[in-house]
Amino acid sequence: MSFFQRKSTNTDPEGRVVKKGIPKFIPVLILAVVVLAFASSCFTVVSAGHTGVVSTFGKVSENVLQEGFHMKLPWQRVTKMDNRIVKLEVSTEAFSSDLQTVNVNLAVNYRVDTGKSYSIVKNVGTNYESVLMTPAVNEVMKSIMAQYTAEQSITNRNMISAALLEELNEKLDDSGIFVSDINIIDFDFSDVYVAAIEAKQVAEQEKLRAKIEQDQLTMEKEAEAARRVIDAEAAAEVARIEAEAAAYAGEKEAMANEKIAASITQPLIDYYKIQQWDGKLPTVTGADTIIRMEEGSQSSAAPSSAPNE
């Protein structure tokens, strides 16, 4: 066996030798890929609503890149920071002032300050939600809930949201994160407390219903008493009017009688006597003879006790 072997060659159908080797375009293609890769590392594009934080061998630059196309050195790294409003949902457990467990679901809208994007990348990193935001929300929420009872937390939801927004912004002010809005999605209490609240509501409703019924009964009694007073006053007024009418009628009758009595004179009496006389003279005469004239009867004369002479 020979230690040296002839290099194999290929021949075409006509017997010509065809040499094996790498195609000429392969090195050109590789060189083009390398050039493109190097060129792409020399620029970056920052999307709308974002900023680019440049770091050179780990050192973060305070000059952040705004939206658009930017040139950079191949060994520089650009971290894209989202400066738009982002919603963060947080579920936390807190205790009220009456030591009731309250599970709170929150929706926190926040944004990263454009001018402090480098500070967040340098001091916190890109996972600032889990490192900075969520712990701050939990801490402030627990502090505020401890100022209210469980029942007050339900009725003062807007006040709790406003206090949470103010204190959270104060806490995150130096970090470059601004909270624009906080919404309390839900308060959840223990089953025992919920049952107690329901029982209290039922008792208050029963108490309110009893009060309404008592007030209605009192109003009906007051209305009945007022009606009786009105009826009594009306009856008294009627009696007074009738008494005054009767007195007035009596006065009129007395005045009429007085007028009649005043109008009767002796000539009038004689006139009526003459009207009643039938024209016949009495049969008995004398000084003391009394002539009586009665309607429907003849005149008669009564003799006197003294004899005629």
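Keep in mind it's a predicted model, so treat the numbers as computed, not measured.

Trainee: Would you explain the overall build of the chain in this entry?
Mentor: Of regular secondary structure, the chain possesses seven helices and 12 strands. Looking at the chain residue by residue over its 309 residues, the buried ones come to 23%. Considering only intrachain contacts with a sequence separation of at least 6, the fraction spanning at least 24 residues in the chain is 60%. Element-wise, carbon and sulfur atoms account for 58% of the exposed surface of the chain, whose accessible area totals about 22,700 Å².

Trainee: What am I meant to see in the environment of A163 here?
Mentor: Positionally, A163 belongs in helix α5 (residues 157-172). Linking A163 and I182, residues 19 residues apart in sequence, is a C-alpha distance of 10.0 Å.

Trainee: What is the right way to look at the nonpolar core in this model?
Mentor: Soluble globular proteins tend to bury their nonpolar side chains together. Of all hydrophobic cores here, the largest spans 35 residues; its most connected members are L106, L168 and F187. With eight residues, helix α3 (residues 128-145) is the single largest residue contributor to this core. Beyond its immediate chain neighbours, meaning those up to four positions away, L168 contacts V108, A136, V137, V140, V179 and I182.

Trainee: Is there a simple way to explain unusual backbone geometry in this structure?
Mentor: Peptide bonds are mostly trans, and most non-glycine residues show a negative phi. Phi angles above zero are rare outside glycine, and F57 is one such case at about 55°. One non-glycine residue, L99, lies in the positive phi region at around 60°. When you line up the elements, L99 lands in the loop between β8 (86-95) and β9 (101-112).

Trainee: Help me understand the sheet that holds strand β5 (residues 59-60), please; the structure alone is not making it clear to me.
Mentor: Sheet strands pair by backbone hydrogen bonding; their relative direction is either parallel or antiparallel. With antiparallel pairing, three strands are arranged side by side in an open sheet as β5-β4-β7. Of all strands in the sheet, those bounded by a partner on one side alone are β5 and β7 (76-82). Relative to β5, strand β4 (residues 50-56) runs antiparallel, the two being bridged by two bridges. Across the sheet, S55 pairs through a bridge with V60, a residue of β5.

Trainee: In this structure, what is going on with a nonpolar patch on the surface? I would like to understand it.
Mentor: There is a patch of nonpolar side chains on the surface, built from I260, I264, L268, I269, Y271 and Y272 and spanning about 580 Å² of accessible area. Tallying contributions element by element places helix α7 (residues 266-276) first for the nonpolar patch, with four residues. Topologically, I269 is positioned in helix α7.

Trainee: Would you take a moment to explain the packing of aromatic side chains for this structure?
Mentor: Applying the stated criterion across every chain yields a total of one aromatic pair. On the numbers, 6.4 Å between centres and 35° between planes, the contact of F187 with F189 is tilted. For the pair F187 and F189, one class covers both residues: buried.

Trainee: Mind showing me how you'd approach the pattern of salt bridges here?
Mentor: One pass over the structure, following the stated rule, counts 10 salt bridges. Put simply, D82 and R84 hold a salt bridge, and the shortest N to O gap is 3.0 Å. Residue classification places D82 among the partly exposed positions, given a relative accessible area of 21%. In this structure, the salt-bridge partner of R209 is E213, at a minimum N-O distance of 2.8 Å.

Trainee: Is there a simple way to explain the sheet that holds β9 in this structure?
Mentor: One open sheet holds the three strands; their spatial order is β8-β9-β10, and the pairing between them is antiparallel. Both edges of this open sheet fall to β8 and β10 (177-189), since each of them pairs with a single strand only. Looking at each pair of strands side by side, their axes are set apart by 25° on average, direction ignored. Here β9 runs beside β10; their pairing, made up of 11 bridges, is antiparallel. When the sheet's bridge partners are listed, R111 is paired in β10 with F178. Along the sheet, α3 makes contact with β8, β9 and β10, crossing β8 at roughly 40°. Lying over the sheet, α5 contacts β9 and β10, oriented at roughly 140° with respect to β10.

Quick notes on the rules
- Residues numbered from 1 in each chain as written.
- Predicted model: local features only at pLDDT ≥ 70, side-chain atom pairs only at ≥ 80, totals over all residues.
- Heavy atoms only, no water.
- Helix = DSSP H or I, 4+ residues; strand = E, 2+ residues; numbered from the N terminus.
- Buried < 20%, exposed > 50% of the residue type's maximum accessible area, 1.4 Å probe, protein only.
- Contact = heavy atoms within 4.5 Å.
- Areas by Shrake-Rupley, 256 points an atom, 1.4 Å probe, with all protein chains shown as cover.
- Core = buried A, V, L, I, M, F, W, Y, C linked by side-chain atoms within 4.5 Å.
- Pairing = 2+ DSSP bridges.
- Patch = residues over 30% accessible without salt bridge, like charges linked within 9 Å, V, L, I, M, F, W, Y side chains within 5 Å.
- Salt bridge = Lys/Arg side-chain N within 4 Å of Asp/Glu carboxyl O.
- Phe/Tyr/Trp six-rings, centres within 6.5 Å; stacked < 30°, edge-to-face > 60°.
- Axes fitted to C-alpha atoms, helices over the stretch in contact; angles between N-to-C directions.

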